[in-house]
Amino acid sequence: HAMNNAGGFIKAPPKGKNEYVFNFRECIEAKLFSDCLCVSVPLEYGDEHNTYNLYDQFWFFYQYLSGYQILLLQKGIFTCGAITIGSYYSDDNIIFSGGLVEAYNLESKVANYSRVIISRKLLDVFKSSELHNNWDYSQILNIDNTNEVYINPFNYRVSTSQLADQILQEMMTKGGIEGSFNNSFQAEDLKDINIILQEVLAICQKEMSGDIIDKVKDKYSWMIDFVNFELSKDNSREFSQFKI
């Protein structure tokens, strides 16, 4: 269910793109085996209408994975994983991928909590690109006191709604309509996010009250702290938005 519906969270392109953004769904590949999901996209993608660079692709990738993660969180299924960059080949029968091996190792040894972390290799590629100054990662990536950078699944629509509000405001200004609209896309999305945060918090607190081992309890505790951070409440861990 989550795999089939995650694509629905990819709603709008980065600034300057157009309706052909939905071509992204044609280049994403997702395969589920056992309890593992392998999702891959090319570093660049294009057709006769548009071309998308690494930053565009990552932005779409983030929305897809966040949509997947949110749908599972709301069902009480807590996932962890890793995103990296590397070699990849697959067909109907096989997968050969250095990227998959690295992502699996990071997921099993480093991610630890219910988070999808970003590899140092990929962060280095972002930092070395001349394009990185055009992108703000603070809405979609977080970093905590383990010094690991990971995607913020709860903001999966905020970056989109901010752009939608900006476009609508520009259209109103060009049309000679001054002022702002009563209910912005971002305001509505923030209401929905608050509901999701409260749902996830309730699930974690219920599980914490049960008879579970300390290792599992620590994973729920981390998510409770992160949710409280998103709700702007005090907690015992350090969280912040990530900026390159």
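Structure: see above.
Enquirer: Describe the nonpolar core, with residues and values.
Expert: If you look at the biggest cluster of nonpolar residues, it comprises 48 residues, and the most contacted ones within it are Phe58, Ile83, Ile118, Leu141, Phe154 and Met223. Tallying contributions element by element places helix H3 (residues 54–73) first for this core, with nine residues. One finds Cys27, Tyr45, Tyr52 and Phe60 within the second-largest nonpolar core, a separate group that totals five residues.

Enquirer: So, the packing of H3 against helix H5 (residues 120–128): which residues are in play, and what are the values?
Expert: Two numbers describe how H3 lies on H5: the axes approach to 11 Å, and their chain directions differ by 135°. In terms of axis orientation, H3 runs oblique to H5. The two elements H3 and H5 meet at a crossing, and its hand is left-handed. For the pair H3 and H5, the contacting residues are Leu54, Tyr55 and Phe58 in the first and Leu122, Val125 and Phe126 in the second. Its residues assigned to classes, the contact of H3 with H5 comprises six nonpolar, no polar and no charged.

Enquirer: Any details on a nonpolar patch on the surface? Residues and values, ideally.
Expert: Taken together, Tyr89, Ile94 and Phe96 make up a surface patch of nonpolar side chains, about 320 Å² in accessible area. Along the chain, phenylalanine 96 turns up in strand E7 (residues 95–96).

Enquirer: Just give me the short version of helix H8 (residues 214–230), but keep the residues and values in it.
Expert: When the terminal C-alpha atoms of H8 are compared, their 24 Å separation across 17 residues agrees well with the 24 Å that a helix rising 1.5 Å per residue should span. Regarding H8, the residues found buried are Tyr220, Trp222, Met223, Ile224, Asp225, Phe226, Val227 and Asn228. Directly after H8, the chain includes serine 232, whose backbone phi takes a positive value near 65°.

Enquirer: Could you give an account of the pairing of strand E2 (residues 36–40), with specific residues and numbers?
Expert: When strand E1 (residues 29–33) meets E2, the two strands line up antiparallel, connected through five bridges. In the sheet register, lysine 31 faces E2, and the bridge partner there is cysteine 38. Taking the residues between adjacent antiparallel strands as the criterion, E1 and E2 are bridged by two residues, where serine 34 takes a positive phi near 55°.

Enquirer: Before we move on, can you summarise H5 with the specific residues and values?
Expert: Burial in H5 covers these residues: Leu122, Leu123 and Phe126. Along H5, the residues classed as buried sweep out an arc of 100° about the axis, all on the same side. Those residues of H5 that are buried lie in contact with H3, strand E5 (81–83), strand E8 (116–118) and strand E10 (149–151).

Enquirer: Describe the packing of aromatic side chains, listing the residues and the values that go with them.
Expert: Under the counting rule described, the total for this entry stands at 17 aromatic pairs. Measuring from ring centre to ring centre gives 5.7 Å for tryptophan 59 and phenylalanine 60, while their planes differ by 75°; the resulting arrangement is edge-to-face. The same class applies to tryptophan 59 and to phenylalanine 60, which are both buried. Taken together, the aromatic side chains of Tyr113, Tyr150, Phe154, Trp222, Phe226, Phe229 and Phe239 make up a single cluster linked through ring pairs. Sitting over the face of the ring of tyrosine 113, arginine 237 holds its NZ or CZ atom 5.5 Å from the ring centroid.

Enquirer: Let's hear about the pattern of salt bridges: which residues, and what values?
Expert: Tallied over the entire structure, the rule returns five salt bridges. For the salt bridge of lysine 121 with glutamate 102, the shortest nitrogen-to-oxygen distance reads 3.0 Å. Taken as a pair, lysine 121 in helix H5 and glutamate 102 in helix H4 (residues 98–111) lie far apart in primary sequence, 19 residues in all. Using a relative accessible area of 22% as the deciding quantity, one classes glutamate 102 as partly exposed. With a shortest N-O distance of 2.8 Å, aspartate 144 and arginine 115 are connected by a salt bridge. Of this pair, aspartate 144 sits in strand E9 (residues 141–144) while arginine 115 sits in the loop between H4 and E8, and the two are 29 residues apart along the sequence. Summarising the burial analysis for this pair, aspartate 144 and arginine 115 share the class buried. Connected via shared salt-bridge partners are Asp218, Asp225 and Arg237.

About the thresholds
Residues numbered from 1 in each chain as written. Predicted model: local features only at pLDDT ≥ 70, side-chain atom pairs only at ≥ 80, totals over all residues. Heavy atoms only, no water. Core = buried A, V, L, I, M, F, W, Y, C linked by side-chain atoms within 4.5 Å. Buried < 20%, exposed > 50% of the residue type's maximum accessible area, 1.4 Å probe, protein only. Helix = DSSP H or I, 4+ residues; strand = E, 2+ residues; numbered from the N terminus. Axes fitted to C-alpha atoms, helices over the stretch in contact; angles between N-to-C directions. Parallel < 35°, antiparallel > 145°, perpendicular 65-115°, else oblique. Left-handed = near helix turned anticlockwise from the far one by under 90°. Contact = heavy atoms within 4.5 Å. Nonpolar A, V, L, I, M, F, W, Y, C, P; charged D, E, K, R; others polar. Patch = residues over 30% accessible without salt bridge, like charges linked within 9 Å, V, L, I, M, F, W, Y side chains within 5 Å. Areas by Shrake-Rupley, 256 points an atom, 1.4 Å probe, with all protein chains shown as cover. Salt bridge = Lys/Arg side-chain N within 4 Å of Asp/Glu carboxyl O. Expected span 1.5 Å × (residues − 1). Pairing = 2+ DSSP bridges. Arc of directions from axis to C-beta. Phe/Tyr/Trp six-rings, centres within 6.5 Å; stacked < 30°, edge-to-face > 60°. Lys NZ or Arg CZ within 6 Å of the ring centre and 35° of its normal.

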